[in-house]
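Survey of secondary and tertiary structure
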Amino acid sequence: MNGISIDRADFAAIAQWVKPNAHVLDLGCGDGALFNYLKRERAITGYGVEIDDNNVLACARNGVNVIQRNLERGLREFDDQSFDCVILSQTLQAMRHGDSLIDEMLRVGREGIVTFPNFGYWRNRLQVLRGHMPVSDNLPYQWFDTPNIHLCTISDFERFCAARNIRVLERKVLTDGVLVSALPNLLGALAIYHFGAG
Amino acid sequence: MDSSEQILNKAGSVGAVVPQRAHFAEPLALKCGRSIADYELVYETYGTLNAAGSNAVLVCHALNASHHVAGTYADDPNNIGWWDNMIGPGKPLDTNRFFVVGVNNLGGCHGSTGPQSINPQTGKPWGGDFPVVTVDDWVNAQARLADHLGIRQFAAVMGGSLGAIQCLQWTIAWPERTRHALVIACTPNLSAQNIAFNEIARQAILTDPDFHGGDFYAHNVMPRRGLRVARMVGHVTYLSDDEMANKFGRQLKHGQVNYGFDTEFEIESYLRYQGDKFAGYFDANTYLRITKALDYFDPAFAHGGDLAKALAPARAGFLVVSFTTDWRFAPERSREIVHALLKNRRDVTYAEIDAPHGHDAFLLDDARYHKLVAAYFDRVFAEMQAGDAR
């Protein structure tokens, strides 16, 4: 939707959690690159959802079934439990009501995958300590033009899941495409969560 | 293969075209219970049907349009097809790639058998006795035209408004013959408000003293006043409030009000002009039947209101497009169609074009809309070339 371009390491991490032939909904699907990657790697079916005209056009050109919709208005066209997996990649931080969108993900899908830039990453913390809003590969915008209005840390997200009775199935944390195992909230630039209803 | 972007930059016209006529001797059973023993359809084609017969696209017309979809006539160069901005060499529906068919529907007044035609049983024009035809009947007649042209399966069927409704019907009634459907500014059925406007239009015609129960031909008159009002009502529903405000606002024709009933506001002048123009060429009996065909269309009705069940037979891939300011067939109505297609896990792309023009936007040249249609036809073409049988 307005995310940065995610590299193949993210795609691969997401693909590992998507079952072959799964029916998938990709929210904020951009030009359909992730969807087509999953189509190749996992033979998925399903749809992308996008609000942006240019991305809708790009999806049409890339052969991705795309539904133009503002995610802030929920997922009304999609029935309960009609997808195996619902993906929200690099979009959560740009949502006004990210919490209700995650509820919607678990209404229409059996499982969800969400990725977001970890605001707790040490480079971000350092920039804040120096007195500035962070700008990086994962957060490429200036404070005045960023679509990212609801940034969070890995710890924030886990607290959120616990409070909402969302069951985290798996987690991967990446920095420059490499898996991070120790001190993820400090050393991880990008968080990828696989979750289900509690 | 050229990208759709490149294509749009070198678009042209199909040039001078010639309408053709197909005769069907086998009776066509109609939904109303009657049948038409013998009928003709007038049609036009652009481009060339390939050897495999796989590149045909049917363009279905809306309320007042015809088989003259693109190009001009040699003896009438100003008579440009109603969707000429969409169809032609290098246009979104590219006639260099596709064989495009436009057809005047059964009951029409542009040359196909209709109320003006002679009823062979009486030797007189059908008039008020012409059967009330439905969208189902139109589509079945179109399927016969496809047989006549050697088209077993359409690469796509395409239409806006009532044309789009016919496309939906194609996907339900002839799933194996409909590979893709471009369903633009559509609705799964008419709302009470839609039917209400149609009924006002019909009452205007039916109560015109010159209507004579539909047999006005014998009296050598036309119910012009009724048709005129019918068209005026229609036009109000085709435009958005904003578009009317932009185009006309409260502008006065003579710079001041005159406290009378001549044309004062520009919008009045526009409606009167449109009404007069329409009443000069359109057949009142056809208009009545087309509005009825619209009112009756409701594929979900036979399935307890479940549109997904109604669309379950469809095998086509869909492009569904709506326009944000269309209040006649609002985006919510297109989303109902999308919802039903999602339920059936059909291939569907849905776009909501932010256009100010209201329902009429489907006929206008909007870059986002046309690029999307071009991109979708790229996909249809690529698939067609790959010969991948759905």
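Residues numbered from 1 in each chain as written. Chains lettered and ligands numbered in written order. Predicted model: local features only at pLDDT ≥ 70, side-chain atom pairs only at ≥ 80, totals over all residues. Heavy atoms only, no water.

1. Some remarks on the overall build of chain A
Across its full length, chain A holds 7 helices and 8 strands. Its C-alpha radius of gyration of 16 Å places chain A within 12% of the 16 Å reference for a compact globule of 198 residues. Expressed along its principal axes, the backbone C-alpha trace of chain A runs to roughly 45 × 35 × 30 Å. Long-range pairs, those at least 24 residues apart, make up 65% of the contacts in chain A between residues at least 6 apart in sequence. For chain A, the accessible area works out to roughly 8900 Å², and carbon and sulfur atoms hold 51% of it. Charged side chains of chain A number 20 positive and 23 negative; the gap between the two group centres comes to 3 Å. (Helix = DSSP H or I, 4+ residues; strand = E, 2+ residues; numbered from the N terminus. Rg over C-alpha atoms; globule rule 2.2 N^0.38 Å. Contact = heavy atoms within 4.5 Å. Areas by Shrake-Rupley, 256 points an atom, 1.4 Å probe, with all protein chains shown as cover. Lys, Arg positive; Asp, Glu negative; His and termini not counted. Charge placed at Lys NZ, Arg CZ, Asp CG, Glu CD.)

2. Re the side chain of D208(B)
Residues and elements named next belong to chain B. With respect to the helices, strands and loops of the structure, D208 is situated in the loop between α4 (192-206) and α5 (224-238). Given the relative accessible area of 5%, D208 is considered buried. At 3.2 Å, the side chain of D208 and the backbone nitrogen of R225 are in polar contact. With residues near it in sequence (within four places) discarded, D208 still touches P223, R224, R225 and G226. (Buried < 20%, exposed > 50% of the residue type's maximum accessible area, 1.4 Å probe, protein only. Polar contact = N/O pair within 3.5 Å; in protein donor to acceptor, adjacent residues only side chain to side chain.)

3. Focus on the environment of Q68(A)
With respect to the helices, strands and loops of the structure, Q68(A) is situated in strand β3 (residues 66-68). Separated by 91 residues in the primary sequence, Q68(A) and R159(A) place their C-alpha atoms 32 Å from one another. Those residues in contact with Q68(A) that sit more than four places away from it in its chain are E50(A), I51(A), D52(A), D53(A), V56(A), Y350(B), A351(B) and E352(B).

4. Looking at the packing of aromatic side chains
To describe a pair of aromatic rings, one takes the distance between the centres and the angle between the planes. Scanning the model with the defined rule gives 27 aromatic pairs over all chains in all. Between W83(B) and F362(B), the ring centres sit 6.0 Å apart and the planes meet at 90 degrees, which makes this aromatic pair edge-to-face. Placement of W83(B) in the loop between β5 (56-60) and β6 (87-88) and of F362(B) in the loop between β14 (348-353) and α11 (367-386) is noted, with a sequence separation of 279 residues between them. In this structure, W83(B) and F362(B) share a single accessibility class: buried. Both rings, one in F278(B) and one in Y281(B), keep their centres 5.6 Å apart while their planes meet at 80 degrees; by these two values the pair is edge-to-face. Placement of the pair is F278(B) and Y281(B) together in helix α7 (residues 266-281), with a separation of 3 residues, close to one helical turn. Classification of F278(B) by relative accessible area gives buried; the value is 1%. Taken together, the ring pairs connect F116(A), F157(A), F160(A) and Y193(A) into an aromatic cluster. (Phe/Tyr/Trp six-rings, centres within 6.5 Å; stacked < 30°, edge-to-face > 60°.)

5. A closer look at a nonpolar patch on the surface
Residues and elements named next belong to chain A. A cluster of nonpolar side chains, W122, L126, L129, L183, L186 and L187, forms an exposed patch at the surface whose accessible area comes to about 560 Å². Those elements giving two or more residues to the nonpolar patch turn out to be α5 (122-129) and α7 (184-187). Residue contributions to the nonpolar patch peak at 3 residues, all from α5. Turning to its location among the elements, L187 is positioned in helix α7. (Patch = residues over 30% accessible without salt bridge, like charges linked within 9 Å, V, L, I, M, F, W, Y side chains within 5 Å. Salt bridge = Lys/Arg side-chain N within 4 Å of Asp/Glu carboxyl O.)

6. Examining the pairing of strand β1 (residues 23-27) of chain A
Residues and elements named next belong to chain A. Within β1, 5 of the 5 residues are buried, which leaves the element mostly enclosed by the surrounding structure. Burial along β1 is two-sided: the face carrying H23, L25 and L27 and the face carrying V24 and D26 are both buried. Across 5 bridges, β1 lies against strand β2 (residues 45-50) in parallel orientation. When the sheet's bridge partners are listed, V24 is paired in β2 with G46. Chirality of the crossover, the property in question, places the unit of β1, helix α2 (residues 33-42) and β2 among those that are right-handed. (Pairing = 2+ DSSP bridges. Right-handed = clockwise from strand over helix to strand, strands pointing away.)

7. Some remarks on α11(B)
All names here are of chain B. Here α11 is 20 residues long and its end C-alpha atoms lie 28 Å apart, about the 28 Å a rise of 1.5 Å per residue gives. Along α11, 14 of the 20 residues are buried, which leaves the element largely enclosed by surrounding structure. Capping of α11 at its N-terminal end is provided by D366; its side-chain oxygen lies 3.0 Å from the backbone amide nitrogen of R368. Following α11 by one or two positions, G387 adopts a phi angle in the positive range, close to 60 degrees. (Expected span 1.5 Å × (residues − 1).)

8. Describing the confidence of the model for chain B
Mean pLDDT over chain B stands at 95; residues scoring 70 or higher make up 97%. What the predictor reports for the complex is a pTM of 0.94 with an ipTM of 0.92. (pLDDT = per-residue confidence, 0-100.)

9. Things to note about unusual backbone geometry
Residue and element names in this part refer to chain A. With a phi angle near 50 degrees, Q81 is a residue other than glycine that sits in the positive phi range. Its location among the elements puts Q81 in the loop between β3 and β4 (83-89). Phi angles above zero are rare outside glycine, and L183 is one such case at about 45 degrees. For L183, the location among the structural elements is in the loop between β7 (178-179) and α7. According to the relative accessible area criterion, L183 is exposed, its value standing at 55%.

10. Describing the interface of chain B and chain A
Counting from both sides, the interface comprises 21 residues of chain B and, opposite them, 19 residues of chain A. Summed over both sides, the interface between chain B and chain A buries roughly 1800 Å², with carbon and sulfur atoms accounting for 48% of that surface. Area buried by chain B at its contact with chain A is led by R335(B), L342(B) and R345(B), which between them contribute 28% of it. Remark: the boundary between chain B and chain A carries 3 salt bridges. Note that D53(A) and R368(B) form a salt bridge whose closest N and O atoms lie 3.6 Å from each other. The tally of links from chain B across to chain A stands at 11 residue pairs in polar contact (both at pLDDT 80 or more). Residue contributions to the side of chain B that touches chain A peak at 6 residues, all from helix α10 (residues 331-343) of chain B. (Buried area = accessible area lost by both parts, 1.4 Å probe.)

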